[in-house]
Amino acid sequence: RADQKTTLGDLVKSFEDEQVNFLDVCKGRDKEYFNWYRSMLKVLGEEELPYAFGEYFSPSDRWLTTKGKEIPTLPNEKRFYINY
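**Brief notes about the pattern of salt bridges**
Counting across every chain of the model gives 4 salt bridges. Measuring nitrogen to oxygen at the nearest pair gives 3.4 Å for the salt bridge that ties aspartate 24 to lysine 27. A relative accessible area of 44% means that aspartate 24 is categorised as partly exposed. Taking the relative accessible area as the measure of exposure, lysine 27 reaches 63% and is therefore exposed. When the shortest N-O distance is used, the salt bridge between arginine 62 and glutamate 70 registers 3.9 Å. Arginine 62 gets classed as partly exposed once you look at its relative accessible area, which sits at 36%.

As structure tokens, then:
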């Protein structure tokens, strides 16, 4: 309803209810992704963000950051893009 405020909990519940299949696929551990993510965080400095996607985005072997640094993407990242 328009007169009620949506809480973060409401959004989480809605996402969980609508994305059951997606969440089932995401369960478990992914060591390759974990290690990549950890190394990505080490590249980032304070108040720095990665540019992972853009309006005209296509898979590449790196992301740029808001401070011009390069972050290598996962090997063969293109496999994660649908219909590319």
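**With respect to the sheet that holds strand 2 (residues 62–65)**
The sheet built from 3 strands is open, its strands ordered 1-2-3 with antiparallel pairing. Looking at strand neighbours, the two that pair on one side only are strand 1 (50–51) and strand 3 (70–72), the edges of this open sheet. Sheet analysis places strand 1 next to strand 2, joined by 2 bridges and oriented antiparallel. Its bridge partner being in strand 2, tyrosine 51 is matched across the sheet by leucine 64.

**Looking at the environment of lysine 78**
By secondary structure assignment, the location of lysine 78 is in the segment after strand 3. Lysine 78 sits 17 residues away from aspartate 61 along the chain, and the two C-alpha atoms are 9.0 Å apart.

**Let's talk about the nonpolar core**
In terms of nonpolar packing, the biggest core is built from 7 residues, these being Trp36, Met40, Leu44, Ala52, Trp63, Ile71 and Leu74. Apart from the residues within four sequence positions on either side, methionine 40 is in contact with Pro50, Trp63 and Ile71.

**Some remarks on the packing of aromatic side chains**
Throughout the structure, instances matching the rule amount to 5 aromatic pairs. Their ring planes at 35 degrees and their centres at 5.8 Å tell us that tyrosine 33 and tyrosine 37 sit as a pair that is tilted. With tyrosine 33 and tyrosine 37 both in helix 3 (residues 31–43), this residue pair falls 4 residues apart, about one helical turn. For tyrosine 37, a relative accessible area of 37% puts it in the partly exposed group.

The rules behind these values
Residues numbered from 1 in each chain as written. Predicted model: local features only at pLDDT ≥ 70, side-chain atom pairs only at ≥ 80, totals over all residues. Heavy atoms only, no water. Salt bridge = Lys/Arg side-chain N within 4 Å of Asp/Glu carboxyl O. Buried < 20%, exposed > 50% of the residue type's maximum accessible area, 1.4 Å probe, protein only. Pairing = 2+ DSSP bridges. Helix = DSSP H or I, 4+ residues; strand = E, 2+ residues; numbered from the N terminus. Core = buried A, V, L, I, M, F, W, Y, C linked by side-chain atoms within 4.5 Å. Contact = heavy atoms within 4.5 Å. Phe/Tyr/Trp six-rings, centres within 6.5 Å; stacked < 30°, edge-to-face > 60°.

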